[in-house]
Amino acid sequence: MAEHFLSAYLTPPGPGAVFSVRHDQNVALWRREGADVELVRVWELERVSGQKHHFWPLYTEGRSEAFLSALLAEEGLTLDDVTATWGTPGLPKAQPVPKPVGAEDFPLHSLAHLFSGVLRDVPLFREGQIVGLAIDALPDYAQESRPNPYWYAGCVVKQGRITFEPVESPGPLYTAAETVFGLEPGSLMALASASTAAIEFDAEAAIADVTFFGGSATQPWKAAHDLVRSVVDAAEEQLADAELDDSLSREDHLRSAVMKVIQRCCEGVAVRNVERLLEVGGLRAEDTHLATTGGYALNCPTNTLLMDRFGFRGLVTPPCANDSGQGIGLGLLGLYGAGALDGSDLRIVSPYYGRDVLDTEEALAEFAPWIVSVTDFEDERFVADVSDGVIAWVDGRAELGPRALGHRSLLGDPRSQKVKDLLNEYKRRQWWRPVAPMVMAEHAGEWFASDRESPYMLEAVQVRPEVRELVPAIVHLDGSARHQTVTAESNPALHRALDAFRAATGVPILCNTSLNDKAEAVVDQVAQALNFCVRKGVRVLYLCGRRVELRTEPVPAVAAPTEPRPRALEYFAGQEADRDALWQGWLDAGYTVEGMYHLSRSHQLRAEQELSTPERVNLLAAYRAKVDPSFSGLVNNFRRTHGPGGSFVDPSTLTGAFGVINPLRRNGK
């Protein structure tokens, strides 16, 4: 008889929910029958609600139960069919996530990241060798009862035997840069290769005497901020009188120069992690796979550097390496602890576990006034369409993680720089943002300096110099590209489309970026995709093997949509009274708003509950307010986002996920 399990990375309902410490929330469904275990579905909440990096909590247990019931109904299940729920205290049938033997000193958050990589291929875990790194910014204390000596978990796997080791994380360096410059890590990573601006700075010496382990005894924030500020100071001095091209502002040139150095520092930290783990395990890299996980694992240049420098057999980083993969990692921890994987051949080797397309016919009927025709896929017609501009592509189950992998994508001709500009215009993002290529796997080595599989767009490899002029839309300033390899087995429809384009043009590559507007989550369903196409003037949507041609001119008597299509806000709307009552409960207990904010950002204080009295927390907050000029702004943002007055009607806000960034540049610049 089959058993079902849920692993949920949601904000736990109850008093702590006003802190909303979790973003990129997600839920995974598992099925077990005998020795057979499979991942059935993953729901990323941003796709459900439309809120990027979804952070809205469900404040009460009743709300959480209703939401989970709705998700399970899509699979024909109820909560009565679920044996256990892991990862979020306060949910129906919640059980503690067991920590593996030897991992007691690490946070479950970091262990979940680690397991989402090293256990996604159980036969490889059981028979091979893996070096694993969970390199994130912060732990998550929703499931901890005490502070952790170490924040970031690493491991060595030998034929199913796993040894845990603390590792350093480069994540705090990117967090410090995010704070200084007011940009998300993805934008900062892109800026590094958007300009030729560079400075002299000894990155190796800068990290030689500092470490970034994190933990109850030492935290990496001061060292990270001091290092970033020293790089900024050097860049301001060296670029003060430099002649810089006017394609970017002087501030962006400075950011680019700084991030080149920060990237080198981060890579140095990652290298010494790997060197130490290989030595601890007595492993040869060429006999070993590498699994990088945590938010920093989305840093493609670092993944490629590690693969090239050490010669690992393969990269087993998941597409949802950031917190969007926590549900999978928590489930694998739970299944591992329950012994359910002992005889299992579970392999999670596809990114397509999101929601299936559920609304095709209804959406086509709703948007009928804008539809010219619906026909079957034809190779020649596809080539003509994609050569003429940009097309939308929606097929089957949504991909996992933050990057479009060919099921919810915008595709274009890589031979045209104008296509890159058009894609960035559609998405309302900076012109210098790179556009990723997808390439037929069997031809990857002809166009890129590496012929390794890269199915999840997690490496940045050099485009071969002899072909760069043929595909200018996908080449970064440094000659690299963040490519995705596509096989006929992994994605037959997309592979056929690529092959048709190759046969007609000689180029087995297409531009690929996610199908969404600025501040909009990647589309999930057909109506959302059609809404985007009509608003932006995208003429053709390829939908599950069919070609949908749309009118680009106004349709008389029918108003075109002007905003992204609203999604399932009903699960989160109307929570104001519940939130306000929980907020007031903290005030009634004696905490100031400043104390509440300080508690929300101090994982150690939340873990030391018996010591975190209102008096102690408020005093610590008052001290921080005196020494940190950004503190009052962050407190005000915390109050606006999580306190009385805010409503659950605008999913576009990002402040709850990352906080208002208060630039810490000199002179307020």
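Refer to the structure printed above.
Residues numbered from 1 in each chain as written. Predicted model: local features only at pLDDT ≥ 70, side-chain atom pairs only at ≥ 80, totals over all residues. Heavy atoms only, no water.

> Go over the overall build of the chain with me, naming the residues and quoting the values.
When you go through the chain residue by residue, the secondary structure sums to 23 helices and 20 strands. The C-alpha radius of gyration computed for the chain amounts to 24 Å, which stays within 12% of the reference 26 Å derived for 669 residues, consistent with globular compactness. A principal-axis box enclosing the C-alpha atoms of the chain has dimensions of 70 × 60 × 55 Å. When each of the 669 residues of the chain is scored for burial, the buried share is 58%. (Helix = DSSP H or I, 4+ residues; strand = E, 2+ residues; numbered from the N terminus. Rg over C-alpha atoms; globule rule 2.2 N^0.38 Å. Buried < 20%, exposed > 50% of the residue type's maximum accessible area, 1.4 Å probe, protein only.)

> Summarise the state of the cysteines; cite the residues concerned and give the values.
As used in these notes, a disulfide is a covalent bond between sulfur atoms, one from each of two cysteines. Counting across every chain of the model gives zero disulfides. The closest cysteine sulfur to the non-disulfide-bonded C155 is located on C320, 17 Å from its own sulfur. Residue C155 is classed as buried on the basis of its relative accessible area of 0%. You can see C265 has no disulfide; the closest cysteine sulfur is in C266, sitting 6.9 Å from it. Judged by relative accessible area, C265 falls into the buried class, the value being 0%. (Disulfide = S-S within 2.5 Å.)

> Can you tell me about the sheet that holds strand β2 (residues 26–33), naming the residues and giving the values?
Read from one edge to the other, the open sheet built from five strands follows the order β3-β2-β1-β4-β5, with strand pairing classed as mixed. Looking at strand neighbours, the two that pair on one side only are β3 (36–44) and β5 (94–95), the edges of this open sheet. The pairing of strand β1 (residues 3–9) with strand β4 (residues 82–86) spans four bridges and is parallel. Paired with L6 across the strands is T85, a residue of β4. Across the face of the sheet, helix α11 (residues 326–337) comes into contact with β1, β2, β3 and β4 while running at roughly 35° to β2. (Pairing = 2+ DSSP bridges. Contact = heavy atoms within 4.5 Å. Axes fitted to C-alpha atoms, helices over the stretch in contact; angles between N-to-C directions.)

> Give a detailed account of helix α8 (residues 221–239), specifying residues and quantitative values.
The periodicity of an α-helix, 3.6 residues per turn, causes residues three or four places apart in sequence to face the same way. With 19 residues, α8 should cover 27 Å at 1.5 Å per step; its first-to-last C-alpha distance of 27 Å lies within 8% of that length. Turning to α8, its buried residues number three or more, namely A224, L227, V228, V231, V232, A234, A235, E236 and L239. The inward-facing, buried residues of α8 abut α5 (171–181), α7 (203–208) and α9 (250–281). (Expected span 1.5 Å × (residues − 1).)

> Give me the lowdown on the packing of aromatic side chains, citing residues and values where you can.
Applying the stated criterion to the full structure yields 27 aromatic pairs. Each ring, one from F115 and one from F164, has its centre 6.5 Å from the other, and the planes form 5°; the classification is stacked. Here the residue F115 occupies a position in helix α3 (residues 108–118), and F164 occupies one in strand β8 (residues 161–166), the gap between them amounting to 49 residues. Counting every residue linked through ring pairs, the aromatic cluster contains F19, W583, W586, Y591, Y597, F631 and F638. (Phe/Tyr/Trp six-rings, centres within 6.5 Å; stacked < 30°, edge-to-face > 60°.)

> Give me the lowdown on the pattern of salt bridges, citing residues and values where you can.
Should the charged atoms of two oppositely charged side chains come close, the side chains can pair. Inspection of the entire model under this criterion finds 38 salt bridges. Among the salt bridges present, the one from E549 reaches R539, with a minimum N-O distance of 3.7 Å. Taken together, the residues span a long stretch of sequence, with E549 in strand β20 (residues 546–550) and R539 in the loop between α17 (526–536) and β19 (540–543) at a distance of ten residues. If you follow the salt bridges from partner to partner, you end up with R428, D517, E520, R535, K536 and R567 in one network. (Salt bridge = Lys/Arg side-chain N within 4 Å of Asp/Glu carboxyl O.)

> How would you summarise the nonpolar core if you had to cite specific residues and measurements?
Judged by nonpolar contacts, the single largest core of 62 residues is most densely connected at F382, W393 and F448. Discounting chain neighbours no more than four positions away, the residues touching F448 are P437, V439, V461, Q462, V463, R464, I474, A481, H483 and I509. Formed by 59 residues, the second largest nonpolar core is a distinct cluster that contains V131, V261, V271 and A285. (Core = buried A, V, L, I, M, F, W, Y, C linked by side-chain atoms within 4.5 Å.)

> How would you explain the sheet that holds β19 if you had to name every residue and give the values?
With respect to topology, eight strands assemble into an open sheet ordered β11-β20-β19-β12-β13-β18-β14-β17, the strand pairing being mixed. The open sheet has two edge strands with one neighbour each: β11 (371–376) and β17 (484–486). Averaged over neighbouring strand pairs, the angle between their axes works out to 30° when direction is ignored. Sheet strands touched by helix α14 (residues 417–426): β12 (390–394), β13 (408–412) and β18 (509–514). Its angle to β12, the strand with the most contacts, is close to 60°.

> Talk me through unusual backbone geometry; I want residue IDs and the actual numbers.
A positive phi angle, close to 55°, is found at D24, a residue other than glycine. Looking at where D24 falls in the secondary structure, it is placed in the loop between β1 and β2. Within the chain, R428 stands out as a residue other than glycine whose phi angle is a positive 55°. In this structure, R428 sits in the loop between α14 and β14 (436–440).

> Go over the environment of F631 with me, naming the residues and quoting the values.
Following the sequence through the fold, F631 ends up in helix α22 (residues 631–642). Overall, F631 belongs to the buried group, its relative accessible area being 2%. Spatially, the C-alpha atom of F631 lies 43 Å from that of V419, the residues being 212 residues apart in sequence. Not counting residues within four places of it along the chain, the set of residues in contact with F631 comprises E594, Y597, A621, R624 and A625.

> How would you explain the pairing of β13 if you had to name every residue and give the values?
Burial analysis of β13 places five of its five residues in the buried class, the great majority of the element. The two faces of β13 match: R408, L410 and G412 on one face and S409 and L411 on the other face are all buried. Relative to β13, β12 runs antiparallel, the two sharing five bridges. Its bridge partner lying in β13, W393 is registered against S409. With four bridges joining them, β13 and β18 adopt antiparallel strand pairing. Counterpart to L411 in the pairing with β18 is N512.

> Please provide a residue-by-residue account of the layout of surface pockets, values included.
A volume near 720 Å³ is recorded for the second largest pocket. As for the second largest pocket, its lining consists of 28 residues, and the residues nearest its centre are R120, V349, E453, P455 and Y456. For the lining of the second largest pocket, the secondary structure elements donating two or more residues are β10 (314–315) and β17. (1 Å grid on protein atoms, 1.4 Å probe; cavity = no way out; pocket = protein on both sides within 12 Å on 5 of 7 lines; lining within 4 Å. Points joined across faces, edges and corners; volume = space filled by probe spheres on them.)

> Describe the packing of helix α19 (residues 593–601) against α22, naming the residues involved and giving the relevant values.
With their axes 10 Å apart at the nearest point, α19 and α22 run at an angle of 90° to one another. As far as their axial angle goes, α22 and α19 are roughly perpendicular. On the side of α19, the interface is formed by V593, E594, M596, Y597 and S600, while α22 contributes F631, L634, V635, F638 and R639. Tallied by class, the residues present in the contact of α19 with α22 amount to seven nonpolar, one polar and two charged. (Parallel < 35°, antiparallel > 145°, perpendicular 65-115°, else oblique. Nonpolar A, V, L, I, M, F, W, Y, C, P; charged D, E, K, R; others polar.)

> Requested: an account of the environment of F213, with residues and values cited.
Residue placement: F213 occurs in the loop between α7 and α8. As a C-alpha pair, F213 and W151 span 62 residues in sequence and 6.7 Å in three-dimensional space.

> Let's hear about empty space enclosed by the protein: which residues, and what values?
Enumeration according to the criterion identifies five cavities of 30 Å³ or more in this entry. What lines the largest cavity is S116, R120, P318, P319, C320, I328, I348, S350, P351, L400 and Y456. When its residues are assigned to classes, the lining of the largest cavity shows eight nonpolar, two polar and one charged. Taken together, the residues of the lining of the second largest cavity break down into five nonpolar, two polar and two charged.

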